[in-house]
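# Structural characterization, general
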Amino acid sequence: MRGVTKVPVLAFFSLLTGCAVATGMPPAQTSAIDALFHDYIGPVPGASVIVVRDGRVLYERAYGLANLSPATPATPGTDYRVASLTKEFTALSIMLLARDGKLRYDEPIDYLLPGLPSHLKNLTVRQLLTHTSGIWDYEDLIPDTQTTQVSDADVLALIQKKDTLYFTPGTRFQYSNTAYVLLGLIVERTSGMPFPQFLAQRVFRPAGMTRTLLFEAGGPAVPVRAFGYTPDSGAPTFRPTDQSVTSATRGDGGIYSTVQDLARWSDALFTDRLLEQSRLAEGFTSGVLTDGTKTGYGFGWYVDTFRGTRRLWHHGETSGFRNTIVRLPDLHAAIVVLSNRNGGDTGKIADQIADLVFFPKGAP
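Residues numbered from 1 in each chain as written. Predicted model: local features only at pLDDT ≥ 70, side-chain atom pairs only at ≥ 80, totals over all residues. Heavy atoms only, no water.

When you go through the protein residue by residue, the secondary structure sums to eleven helices and 14 strands. Since a compact globule built from 364 residues should have a radius of gyration of about 21 Å, the 20 Å found for the protein is in line with a globular shape. In terms of its C-alpha atoms, the protein occupies a principal-axis envelope of roughly 60 × 50 × 35 Å. Sequence-distant contacts, at least 24 apart, represent 67% of the contacts inside the protein between residues at least 6 apart. A total of about 14,900 Å² of accessible surface is found on the protein, and carbon and sulfur atoms cover 53% of it. Each charge class in the protein was averaged separately, 34 positive and 34 negative side chains, and the resulting centres sit 3 Å apart. (Helix = DSSP H or I, 4+ residues; strand = E, 2+ residues; numbered from the N terminus. Rg over C-alpha atoms; globule rule 2.2 N^0.38 Å. Contact = heavy atoms within 4.5 Å. Areas by Shrake-Rupley, 256 points an atom, 1.4 Å probe, with all protein chains shown as cover. Lys, Arg positive; Asp, Glu negative; His and termini not counted. Charge placed at Lys NZ, Arg CZ, Asp CG, Glu CD.)

And the structure:
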């Protein structure tokens, strides 16, 4: 990955026009969506997008390159590091174990992670799921001199050295990657299975996600991998930034997936295939602070409304990747945008697509 190589003529044509189109939309709508991805067209780090409703693909397309060298066009089947979209899957894993009677949302976690320091023992699974635990974010604790990647075990060691919390648990919302690293460890220790194996058997396979995995060094390779990049300041070039010291943790951001598989994930969540709807509903409901304030975050999902319609969504940002998933439960619809570059606002693009496809006249 040392810059842009020459692209074969046919591949370059696909980069200019986008590739692998499936659409159930009028040409004017498809052209309008394509225009939103103008910056991703050509021999540059790219993006993949899918729009689904009622289990039917309305639109899927990819732009630009999954890898600059050798030049490899992105497709709807390209695997991107989805970063914090991983939290949805970690949360569902916890919900499955709760259904199995292996853990309880509102009891202290010391029985799940023995050996925690006293100030962490009384945190609950629910507080970790809803980002209301007050636990320190491990990214704030990594030394500036760190050069090796931080593991889940390292995260546990880092927070054990702190004898305080950001705030009294339950009194505030503060997004925490540490919380989801711990939840991943809880899944592993409670189920007795390696976390990647649990996800594969209990989540990915039942959802029909054939090209999704939790990536670990030494584990299975990512099937069709996109690599991450950052634009050089003041120049129309990109440099590789695929990994960082925080790229090896798992429960908070270690999954690779495709827009096609994430559409299957969304569709599965409309059924009882993974978990009963009555149980899923709890995770799709905003958390509440001790003073009664709603946080706008459930179990691994932001919860709000868009154009007067319920919305579940999440962003995912990490070294070289920017991603967004949006689900509109009342419309039985979803939009997924994955990209392999820093910069760009995939959340804004997803909202614009929603307006073009589902709310062409704006808010009711």
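Past the structure itself, the notes keep going.
So, on to the side chain of glutamine 127. The residue glutamine 127 is located in helix 5 (residues 125-129) in this model. If sequence neighbours within four positions are ignored, glutamine 127 has contacts with Asn122, Thr132, Ser133, Pro169 and Gly170.

Along the polypeptide, threonine 190 turns up in helix 7 (residues 177-191). On the basis of relative accessibility, which here comes to 17%, the residue threonine 190 falls in the buried class. Of the polar contacts made by the side chain of threonine 190, one reaches the backbone oxygen of isoleucine 186; its length is 2.7 Å. (Buried < 20%, exposed > 50% of the residue type's maximum accessible area, 1.4 Å probe, protein only. Polar contact = N/O pair within 3.5 Å; in protein donor to acceptor, adjacent residues only side chain to side chain.)

Moving on, we get to the sheet that holds strand 6 (residues 80-81). One open sheet holds the three strands; their spatial order is 6-10-7, and the pairing between them is antiparallel. Only two strands of the sheet have a single neighbouring strand rather than two, namely strand 6 and strand 7 (213-214). Pairing of strand 6 with strand 10 (residues 255-257) involves two bridges; the strand directions are antiparallel. Following the sheet pairing, tyrosine 80 is matched in strand 10 by serine 257. (Pairing = 2+ DSSP bridges.)

With that out of the way, let us pick up the packing of helix 6 (residues 152-160) against helix 7. Look at helix 6 against helix 7: their axes get within 10 Å of each other, and the N-to-C directions meet at 120°. Our classification of the angle between helix 6 and helix 7 gives oblique. The crossing of helix 6 and helix 7 is left-handed. The residues of helix 7 that touch helix 6, namely those facing Asp152, Val155, Leu156 and Ile159, are Thr178, Val181, Leu182, Leu185 and Arg189. (Axes fitted to C-alpha atoms, helices over the stretch in contact; angles between N-to-C directions. Parallel < 35°, antiparallel > 145°, perpendicular 65-115°, else oblique. Left-handed = near helix turned anticlockwise from the far one by under 90°.)

So, on to the nonpolar core. Formed by 76 residues in total, the largest nonpolar core has its most connected members in Phe89, Ile94, Leu129, Leu262 and Trp265. Residues in contact with tryptophan 265, not counting those within four places in the same chain, are Glu88, Phe89, Leu92, Val203, Met209, Leu274, Trp301 and Ile325. Residues Ala47, Val51, Leu58 and Leu331 belong to the second largest nonpolar core, which totals 24 residues. (Core = buried A, V, L, I, M, F, W, Y, C linked by side-chain atoms within 4.5 Å.)

The next subject is the pattern of salt bridges. Under the defined criterion, the tally for this structure stands at 19 salt bridges. Residue arginine 126 is joined to glutamate 282 by a salt bridge in which the shortest nitrogen-to-oxygen separation is 3.0 Å. Separated by 156 residues along the polypeptide, arginine 126 in helix 5 and glutamate 282 in helix 10 (residues 277-283) bring together distant segments of the chain. The partly exposed category is assigned to glutamate 282, whose relative accessible area is 33%. Residues joined in a network through salt bridges with shared partners are Arg99, Asp100, Arg202, Glu276 and Arg279. (Salt bridge = Lys/Arg side-chain N within 4 Å of Asp/Glu carboxyl O.)

Another point: the confidence of the model for the protein. Across the protein, the average pLDDT comes to 92, with 92% of residues at 70 or higher. Contacts for the low-pLDDT stretch residues 1-17, under 50 throughout, to residues beyond four places or in other chains number 32 contacts. (pLDDT = per-residue confidence, 0-100.)

Here we take up the environment of isoleucine 255. Structurally, the position occupied by isoleucine 255 is in strand 10. With 176 residues separating them along the chain, isoleucine 255 and aspartate 79 place their C-alpha atoms 9.4 Å apart. Here isoleucine 255 is in contact with Tyr80, Arg81, Val82, Ala83, Thr86, Phe89, Leu199, Phe204, Thr212, Leu213 and Leu214, once residues within four sequence places are set aside.

Below, the discussion takes up the packing of aromatic side chains. Applying the stated rule across the entire model yields 13 aromatic pairs. Ring centres of phenylalanine 89 and phenylalanine 204 lie 5.7 Å apart, and the angle between their planes is 70°; this geometry places the pair in the edge-to-face category. Here the residue phenylalanine 89 occupies a position in helix 3 (residues 86-99), and phenylalanine 204 occupies one in helix 8 (residues 195-207), the gap between them amounting to 115 residues. The pair formed by phenylalanine 89 and phenylalanine 204 is uniform in burial state, with each residue classed as buried. Centre to centre, the rings of tyrosine 297 and tyrosine 302 are 4.8 Å apart; their planes meet at 85°, and the pair counts as edge-to-face. For tyrosine 302, a relative accessible area of 14% corresponds to the buried category. Put simply, the rings of Phe173, Tyr175, Tyr297, Tyr302 and Trp313 touch in pairs and so form one group of aromatic residues. Sitting over the ring of phenylalanine 215, arginine 225 keeps its end group 5.2 Å from the ring centre. Here arginine 307 stacks its cationic end above the ring of phenylalanine 306, 4.9 Å away from the centre of that ring. (Phe/Tyr/Trp six-rings, centres within 6.5 Å; stacked < 30°, edge-to-face > 60°. Lys NZ or Arg CZ within 6 Å of the ring centre and 35° of its normal.)

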